[in-house]
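# What the coordinates show
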Amino acid sequence: GLDFYISQFADGQSVSEEEFYIDKELYSELLAPPEAAPEPAPYERRAATEEELQVVQQLKDWKDATPQGLLKVKKILEANDGSAD
């Protein structure tokens, strides 16, 4: 296998291309096409809890654009960072 393949280079590349033995089984696994991976299941986001939906509505209705109001929005977002809604 590999030992014989490498031994052909012992004296440099003195073996002619016609005499050089190419052991295709040695690297056939590398050249084989990859196995088809199974189709992954489609992603399904969990349903929002009632509390998360209330926070979403609160943020949709938010009108206070003052620095203090935006700080409150930031705190609400940080407290609910696990929600995707």
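Attention now goes to the pattern of salt bridges. Tallying each qualifying case throughout the model produces 2 salt bridges. In this structure, E52 and R46 form a salt bridge, with 2.8 Å as the shortest nitrogen-oxygen distance. The closest approach of N and O atoms between E78 and K74, which form a salt bridge, is 3.7 Å. Linking E78 with K74, this pair stays in helix α4 (residues 67-79), spanning 4 residues, or about one helical turn. Residue class for E78 comes out partly exposed when judged on its relative accessible area of 48%. Here K74 falls in the partly exposed class, since its relative accessible area comes to 46%.

Glancing now at a nonpolar patch on the surface. A surface patch of nonpolar side chains, amounting to about 260 Å² of accessible area, comprises L2, I6 and L26. Within the secondary structure layout, L26 lies in helix α2 (residues 24-31). A residue is classified by how much of its surface remains accessible, and L26, at 33% relative accessible area, is partly exposed.

As a further point, take the side chain of E52. Mapped onto the secondary structure, E52 falls in helix α3 (residues 50-60). Assessed through its relative accessible area of 13%, E52 is described here as buried. Separated by 2.9 Å, the side chain of E52 and the backbone nitrogen of T49 make a polar contact. Sequence-distant contacts of E52, that is, excluding residues within four places in its chain, are made with R46 and S83.

How each quantity is defined
- Residues numbered from 1 in each chain as written.
- Predicted model: local features only at pLDDT ≥ 70, side-chain atom pairs only at ≥ 80, totals over all residues.
- Heavy atoms only, no water.
- Salt bridge = Lys/Arg side-chain N within 4 Å of Asp/Glu carboxyl O.
- Helix = DSSP H or I, 4+ residues; strand = E, 2+ residues; numbered from the N terminus.
- Buried < 20%, exposed > 50% of the residue type's maximum accessible area, 1.4 Å probe, protein only.
- Patch = residues over 30% accessible without salt bridge, like charges linked within 9 Å, V, L, I, M, F, W, Y side chains within 5 Å.
- Areas by Shrake-Rupley, 256 points an atom, 1.4 Å probe, with all protein chains shown as cover.
- Polar contact = N/O pair within 3.5 Å; in protein donor to acceptor, adjacent residues only side chain to side chain.
- Contact = heavy atoms within 4.5 Å.

These results come straight from atomic positions and should not be treated as a statement about function.
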